[in-house]
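As a plain string of letters, each chain reads:
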Amino acid sequence: MKNFNVGFIALSKASWATPEIERLRQSALESLKALPHEIVHGDALTTTAAEASALCAELRRRDVSAVVVFMATFPVGAIIPVIAKELPVPVVLVSTPEQPQAGGMWTQNSFCGSNMAVHTLRKLGRKHTFVFGPADRTGELVRQPLGVLKCLADLASAKVGLVGGRVPGFYTSNCDELRLRAKIGPEVEVIDLIELVDTANKLSAEEAAQGVDAVRKAASVCCAKVEKDLEPAGRMYEAFRKTARKYALSAYAVRCWPEWSDIFGIAPCSTIGMLNNDRMVSSCEGDVLGAVLMQMEASLSGGIPFFADLISFDDAANTAVLWHCGAAPSAICRSFKETTLNQHFRVDGGNKKGLTNEFPMMAGPITLAQLDEDGDGYRMLIASGTALDTEPFIRGNPLNVRFDSPVARLIDTIMTGGFKHHYSIIHADIGDALAELCRWLDINPVLVK
């Protein structure tokens, strides 16, 4: 992914600039420097359109991905159009609270400056975010907005490897590639399943052994009946990794059935989980938008998502079960000692071929989401809840979730709205961040509350 550098511009009218106003600039800047981004800035308050133009040129040269505009005081009005036109990156406006100073002087008028700026930005067709708080908390205030903007930048450079296309009849996995590229950013690289098989067969013995070792370490227990599947599983895993490097991929969407187990001898479920462990987000059944959503969740939370079906719900308990057949990443297991490499319970009638990684998942706050095409654009279903301690009452990876909203409302929203049957879950409370991301990308957020 591209480096995410952040520009910083502190605005003031020249006649309002005082040592105290300069101290506010320095305080805000020092607070920003605590964030995990390179902060590109000038050495003084920006007070004229000419100074703003010069600083914008430097920020462009340093390839900033976003700019924090700090309203130290009410600025010269002509500065905002300069920033909007000469620095084509997302804008985060920051204003600070203030009290009248000696003699009743209103020395900053900081909020009013941002109020003027948002009107100008809107007229110029530029989106923005606004935060408000003390200068020394600027870094804390802009952390989430910048996280959303970094996600935007990551999506702009993302590339999803669609291996084999979608599975038969799963129109839910269809994706308009050019719409995705134009409106959200990721590119789709179509890769034939045979290329993965050929890459796996041509691996050296050393590469294959490296893959087998990784597969063994992906779970605590390896059933004796799948020992024969470890060699092809190791080759499959290394072939995916090698192909990702070849095409500079950031994610996969995999047609995991029906041909895969016949051509390769095993199912790719455990491999998909291992790729997710590696933070190469990977969806099942050729769902490209599912993979893109997983990237969004991973970027916003720093966690590893779980691609799942919603298979049952209980109105009385206000819960629903999210599940998939053994492709969950073991990084989100309840306890590593409970992870087991096993035969797939569905492929070829069940319990004949590997390889799944079966385990219960960890409890805690979660956000469920789904990204779907909607008219000429997109919509996103968002619901929050708590993953409960779930015993493995069925094969694969079950997770019982108690939602913050009535589960009946969630089910009604899904079924009346015609949403897809694939969801992505992240162990984090990122509903607000996803909604903000939707605003930047013109995605219609469907919030279930």
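The structure presented is a predicted model; accordingly, all values stated were derived computationally and were not measured. (Residues numbered from 1 in each chain as written. Predicted model: local features only at pLDDT ≥ 70, side-chain atom pairs only at ≥ 80, totals over all residues. Heavy atoms only, no water.)

Explain the overall build of the protein here, please?
A count of helical and extended segments in the protein gives 14 helices and 19 strands. A globule of 449 residues ought to have a C-alpha radius of gyration of about 22 Å, and the protein, at 25 Å, matches this closely. Counting all 449 residues of the protein, 58% fall into the buried class. In the protein, once contacts between residues fewer than 6 apart in sequence are set aside, the share between residues at least 24 apart is 77%. Carbon and sulfur atoms provide 53% of the accessible area of the protein, an area that totals close to 18300 Å². Charge separation in the protein, taken as the distance between the mean sites of 45 positive and 51 negative side-chain charges, equals 2 Å. (Helix = DSSP H or I, 4+ residues; strand = E, 2+ residues; numbered from the N terminus. Rg over C-alpha atoms; globule rule 2.2 N^0.38 Å. Buried < 20%, exposed > 50% of the residue type's maximum accessible area, 1.4 Å probe, protein only. Contact = heavy atoms within 4.5 Å. Areas by Shrake-Rupley, 256 points an atom, 1.4 Å probe, with all protein chains shown as cover. Lys, Arg positive; Asp, Glu negative; His and termini not counted. Charge placed at Lys NZ, Arg CZ, Asp CG, Glu CD.)

How should I be thinking about the packing of aromatic side chains in this particular structure?
Here the distance between the centres and the angle between the planes together describe a pair of aromatic rings. Per the stated rule, a full pass over the model turns up 9 aromatic pairs. Ring geometry for Trp-260 versus Phe-264: centroids 6.3 Å apart, planes at 25°, classification stacked. Here the residue Trp-260 and the residue Phe-264 both occupy positions in helix 10 (residues 260-264), the gap between them amounting to 4 residues, near one helical turn. The same class applies to Trp-260 as to Phe-264, namely buried. Of the aromatic side chains, those joined through ring pairs into one cluster are Phe-240, Tyr-252, Trp-260 and Phe-264. Taking the ring centre of Tyr-378 as reference, the NZ or CZ of Arg-179 above it sits at 5.8 Å. (Phe/Tyr/Trp six-rings, centres within 6.5 Å; stacked < 30°, edge-to-face > 60°. Lys NZ or Arg CZ within 6 Å of the ring centre and 35° of its normal.)

Could you clarify how one ought to interpret the environment of Gly-364 in this entry?
By secondary structure assignment, the location of Gly-364 is in strand 15 (residues 364-374). Taking the relative accessible area as the measure of exposure, Gly-364 reaches 16% and is therefore buried. Between the C-alpha atoms of Gly-364 and Val-401, which are 37 residues apart in sequence, the distance is 9.3 Å. In contact with Gly-364, other than residues within four places in its own chain, are Gly-385, Thr-386 and Ala-387.

Would you mind going over the pattern of salt bridges with me for this structure?
Where charged atoms from two side chains of opposite charge come close, those side chains can pair. Per the counting criterion, the structure on display carries 31 salt bridges. For the salt bridge of Asp-287 with Lys-420, the shortest nitrogen-to-oxygen distance reads 3.4 Å. Of this pair, Asp-287 sits in the loop between strand 10 (281-283) and helix 12 (288-301) while Lys-420 sits in the loop between helix 13 (407-417) and strand 18 (422-426), and the two are 133 residues apart along the sequence. Each member of the pair, Asp-287 as well as Lys-420, carries the same accessibility label: buried. A salt bridge links Arg-379 to Asp-372; the nearest nitrogen and oxygen atoms lie 3.0 Å apart. Sharing partners across several salt bridges, the network here consists of Glu-38, Glu-58, Arg-61 and Arg-62. (Salt bridge = Lys/Arg side-chain N within 4 Å of Asp/Glu carboxyl O.)

Sorry, what's going on with helix 1 (residues 19-32) here?
One turn of the α-helix equals 3.6 residues, which is why residues spaced by three or four share an orientation. Its 14 residues place the ends of helix 1 20 Å apart at the C-alpha level, agreeing with the 20 Å of an ideal helix rising 1.5 Å per residue. Taken together, the buried positions of helix 1 are occupied by Ile-21, Glu-22, Leu-24, Arg-25, Ala-28, Leu-29, Ser-31 and Leu-32. On its buried face, helix 1 is in contact with strand 1 (5-11), strand 2 (38-41), strand 3 (66-71) and helix 5 (138-156). (Expected span 1.5 Å × (residues − 1).)

Can you help me understand helix 11 (residues 269-277) in this one?
Within helix 11, 8 of the 9 residues are buried, which leaves it mostly tucked inside the rest of the structure. Looking at helix 11, one finds that the buried residues are Cys-269, Ser-270, Thr-271, Ile-272, Gly-273, Met-274, Leu-275 and Asn-276.

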